[in-house]
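Results of the structural survey
Spelled out, the chains give:
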Amino acid sequence: MPYDINETHDPNLKSWVESANAPGTEFPIQNLPFVQFESLETFLADDGETRVPEHYSAGVRIGDHLLDLQRCVEEGLFKDELFDALGTPFLDSMESILDADAEAWSMLRAGIVNILRKDGAVFRGNAGAKSKIILPIADCRLLPIFKKIPNYTDFYASIHHASTVGAMFRPDNALLPNYKWVPIGYHGRASSIVPSGSTITRPRGQTKADDAPAPTFGPSKLLDYELEVGFFVGRGNELGTPIHIGEAEDHILGLCLVNDWSARDFQKWEYQPLGPFLAKNFATSVSPYLVTMEALAPFRVPAYPRPAGDPAPLPHLYSERDQKLGGIDITLEVFLASKEMRERGIAPIRLSRGSFKDMYWTIAQLLTHHASNGCNMQPGDLLASGTISGPTPDSRGCLLELTWDGPGKPRKPIELPTGEKRTFLEDGDEVIMRGYCEREGFRRIGFGECRGIIAPSRA
Ligand code: MN
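Below: a short report on this structure. On a predicted model such as this, the values are computed, not experimentally measured, just so you know. (Residues numbered from 1 in each chain as written. Predicted model: local features only at pLDDT ≥ 70, side-chain atom pairs only at ≥ 80, totals over all residues. Heavy atoms only, no water.)

In the first shell of the manganese ion, the protein supplies Asp-154 (OD), Glu-226 (OE), Glu-228 (OE) and Asp-260 (OD), at 2.1 to 2.2 Å from the metal. Mapped onto the sequence, the donors of the manganese ion take the spacing D-x71-E-x1-E-x31-D. Residue classification places Glu-226 among the buried residues on the basis of a relative accessible area of 3%. (Donors = N, O, S within 2.8 Å, 3.2 Å for Na, K, Ca; no water. Buried < 20%, exposed > 50% of the residue type's maximum accessible area, 1.4 Å probe, protein only.)

Laid out in structure tokens, this is it:
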């Protein structure tokens, strides 16, 4: 069930970490996204060398700082009930709290707010503890939110994306008849999920031109990004036992940004009859912050209003609360900077802006559908939404759609400030995705960034 709005969302709540109170920050005390990080503070090793410790810590972003959760535990800043609820005495990794239930996660959020709030009482008589639990973000390196993602599934939940792409690949048969009944997805590959900032090597594969008698093998010429939102599974379900729609969100920890890099030339040749394969599994970039479902409570909106004539979701994909609050209004933007733009100090240009509220299926429906046959979801599984495109041309979430100019017409390139032109990605291009939530009467919260730069293919 979507969380209720509570005192942790109060816009007047302030932190003693002053940068978290700045009006424009993405990370006020109302957000508190989880991260894993390592401190870049060096230490002198036994051999006399200076080293950076190789150590994962679980933390929370607050303003320009990170709160180290295990250090909070060591300073005795959480109540004992929290550890009973979480089922662990440690908060030294995200893995240790991964499969706790929604109530325990809510207690953890309340406990963190209690530590960070300006008017809080936890430091009474122990003010020195503040400096022990907080690190400047500049002294840390963000790591993937989970060391290992067991499984990755990608959906196709934007009807605007499905309709436009369908019109390209199948002009007479754009939206397939199953689309409005069954959330379409495919099993992606977890091993090639990479953290934001990783270089993306241009993939090599098979391509067949329409008029060519046989395919050729080589670097993709139609490399694309896909703007997506991902969600992480917390508690799993037993093999054979489905997850009911009314409980689906209790199994979801939170959201991140995802770039599902795609080779459109391989995709066109390989996708029938079994769906995407090598066009998709060479790399998927994920942002470092896990924005919790509870932090998103003020930004919940109704599920996508189905136009008259569309079928209602089947009963197992329908709940009144999900219809009323299953959507999430997250503004999502994509930026591009070519190598030349970066070298000349030219800021990235925005390619699109859309909202996650325009998805045909809610995340609860996606998860419920995935487990409806008894498939077992595992703690840390990543499920992604599919390309997020809105109803207008400037809200299209990939180049395949953005540079399409209609059936039979040549692609319309995007002109960069350097005079360079793009219909698809070139080597050296950097793609930057950003997401944030805003609503009158609440603090703005952000998702940070998901970045990746294209490197030349390797034989
Ligand atoms: Mn995708």
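Turning to unusual backbone geometry, a few remarks are in order. Cis geometry marks the peptide bond from Gln-272 to Pro-273, where omega comes out at 5°. Assignment of secondary structure puts Pro-273 in the loop between helix 6 (264-270) and strand 18 (284-286). (Helix = DSSP H or I, 4+ residues; strand = E, 2+ residues; numbered from the N terminus.)

With that settled, the discussion passes to the sheet that holds strand 5 (residues 65-68). The sheet built from 5 strands is open, its strands ordered 6-5-4-1-7 with antiparallel pairing. Of all the strands in the sheet, just strand 6 (134-136) and strand 7 (140-143) have a single pairing partner and so form its edges. For this sheet the average axis-to-axis angle between neighbouring strands, irrespective of direction, equals 45°. Where strand 5 and strand 6 come together, 3 bridges link them in antiparallel fashion. Of the residues in strand 6, the one forming a bridge with Leu-67 is Ile-134. (Pairing = 2+ DSSP bridges. Axes fitted to C-alpha atoms, helices over the stretch in contact; angles between N-to-C directions.)

What follows concerns the side chain of Asn-21. Its place among the elements puts Asn-21 in the segment before strand 1 (34-39). A residue is classified by how much of its surface remains accessible, and Asn-21, at 13% relative accessible area, is buried. For Asn-21, the side chain forms a polar contact with the main-chain oxygen of Ser-15, separated by 2.8 Å. Excluding residues within four positions of it along the chain, Asn-21 makes contact with Lys-14, Ser-15, Lys-118 and Arg-443. (Polar contact = N/O pair within 3.5 Å; in protein donor to acceptor, adjacent residues only side chain to side chain. Contact = heavy atoms within 4.5 Å.)

As a further point, take the pairing of strand 15 (residues 227-233). By the criterion of burial, strand 15 is predominantly enclosed, with 7 of the 7 residues buried. Alternating residues of strand 15 divide into Leu-227, Val-229, Phe-231 and Val-233 and Glu-228, Gly-230 and Phe-232, and every residue in both groups is buried. Taken together, the 7 bridges between strand 15 and strand 16 (residues 252-259) define a ladder with antiparallel strand orientation. When the bridges of strand 16 are listed, Val-229 appears paired with Leu-257.

Before going further, it helps to spend a moment on the pattern of salt bridges. Counting across every chain of the model gives 25 salt bridges. A salt bridge links Arg-117 to Asp-119, with the shortest nitrogen-to-oxygen separation between them at 2.7 Å. The exposed category is assigned to Asp-119, whose relative accessible area is 56%. Asp-310 is paired through a salt bridge with Lys-180; the nearest N and O atoms lie 2.8 Å apart. One end of the pair, Asp-310, is in the loop between strand 20 (300-301) and helix 7 (320-325); the other, Lys-180, is in the loop between helix 5 (159-169) and strand 9 (185-187), with 130 residues separating them in the sequence. One salt-bridge network, in which partners are shared between bridges, spans Asp-224, Glu-226, Asp-260, Arg-264 and Lys-280. (Salt bridge = Lys/Arg side-chain N within 4 Å of Asp/Glu carboxyl O.)

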